[in-house]
Amino acid sequence: MNLKKNLNKRGFRLTKQRQAVMEVVLNTKGKHLSSGEIFEMVKHNHPSIGLATVYRTLPLLEKMNLLSKISLDDGCIRYEALTAKEQGHHHLICIKCGAVYEIKEDLLGVREKEILEQNHFNAANYMVKIYGYCISCIDKDNEI
């Protein structure tokens, strides 16, 4: 991924702050970070960065399809890095402890193409969320 080229194509410069935000998200691939968590991680190496800079940078990187913004229904917007190959995105969410697990397989597969064709729709991205109980919470309940 060439962040500088992508930004320049859209009329933006690659600043140290934008680079730092993207590096944090890329280095925590598979995690679902809030803007506050990203800010704290960036601030560790770049103490002069402001929270507003992070807030402005995240939507820009999302528009460039470098990040995905997700809501896990806990009242907090989270971000994660996207690779060029990723489109369908699936999560298992524990409704007791809030743990989030990514499903690597594409659950919709061929069915996705059929759904899109039947509805004359071109999907840019999607996410499937499955709610239930993780093994830790199941084991804790069985101990009682």
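Our subject is the structure listed above.
Let us look at the structure shown here.

### Side note on the overall build of the protein chain
Along the backbone of the protein chain there are 6 helices and 6 strands. Going from the N terminus to the C terminus, the protein chain shows its helices and strands as α-α-β-α-α-β-β-β-β-α-β-α. Along the three orthogonal principal directions, the C-alpha set of the protein chain runs to about 50 × 45 × 20 Å. Residues classed as buried in the protein chain amount to 33% of the 144 residues present. Once local pairs closer than 6 in sequence are excluded, the contacts in the protein chain between residues at least 24 apart make up 53%.

### Focus: the packing of helix α3 (residues 35–45) against helix α4 (residues 51–63)
In contact at an axis separation of 10 Å, α3 and α4 are set at 120 degrees when each is read in the N-to-C sense. Here α4 runs oblique to α3, going by the angle between their axes. Our pair here, α3 against α4, has a crossing hand that is right-handed. Taking contact as the criterion, the partners of Ser35, Ile38 and Phe39 in α3 are, on α4, Leu51, Val54, Tyr55 and Leu58. Taken together, the residues that form the contact of α3 with α4 break down as 6 nonpolar, 1 polar and no charged.

### Section: the sheet that holds strand β3 (residues 77–81)
A sheet is described by the order of its strands in space; here 3 strands give the open sequence β1-β3-β2, paired in antiparallel fashion. Of all the strands in the sheet, the pair left with one neighbour each is β1 (33–34) and β2 (67–71). Here 5 bridges tie β2 to β3, and the two strands are oriented antiparallel to one another. Note that in β3 the partner of Lys69 across the bridge is Tyr79. The strands that helix α2 (residues 16–27) touches are β1, β2 and β3; relative to β3, the one it contacts most, it runs at about 80 degrees.

### Some remarks on the pattern of salt bridges
Tallied over the entire structure, the rule returns 2 salt bridges. Residues Arg78 and Glu37 are paired through a salt bridge, measuring 3.9 Å at the closest nitrogen-oxygen approach. Of this pair, Arg78 sits in strand β3 while Glu37 sits in helix α3, and the two are 41 residues apart along the sequence. A salt bridge links Arg111 to Glu114; its shortest N-O distance comes to 3.0 Å. Placement of both Arg111 and Glu114 in helix α5 (residues 109–118) is noted, with a separation of 3 residues, approximately one turn of the helix. For Arg111, a relative accessible area of 42% gives the class partly exposed.

Reading guide: rules and limits
- Throughout this description, residue numbers start from 1 for each chain and increase along the sequence as written.
- Note on the predicted model: pLDDT of at least 70 is required for a residue's local features to be given, and 80 or more for side-chain atom pairs to be given and counted; whole-chain, interface and lining totals, by contrast, use all residues.
- Excluding hydrogens and water, the side-chain figures rest on all heavy atoms present in the structure.
- Numbered from the N terminus, helices here are DSSP runs of H or I no shorter than four residues, and strands are runs of E no shorter than two.
- Under the scheme applied here, a residue whose accessible area is under 20% of the maximum for its type counts as buried, over 50% as exposed, and between as partly exposed, the area being computed with a 1.4 Å probe on protein chains only.
- The contact criterion used is simple: two residues touch if any of their non-hydrogen atoms lie within 4.5 Å.
- With axes taken as lines fitted to C-alpha atoms, and helix axes fitted only over the stretch in contact, angles between N-to-C directions fall between 0 and 180 degrees.
- Roughly parallel means an angle under 35 degrees; roughly antiparallel means over 145; roughly perpendicular covers 65 to 115; every other angle is labelled oblique.
- If you view the pair so one helix is near and one far, a crossing is left-handed when the near helix is turned anticlockwise from the far one by less than a right angle, and right-handed when it is turned clockwise.
- In this count, Pro and Cys sit with the nonpolar residues alongside Ala, Val, Leu, Ile, Met, Phe, Trp and Tyr, while Asp, Glu, Lys and Arg are called charged and the others, Gly among them, polar.
- In this description, strands pair whenever DSSP reports at least two bridges between them.
- For salt bridges, the criterion is a side-chain nitrogen of Lys or Arg within 4 Å of an Asp or Glu carboxyl oxygen.

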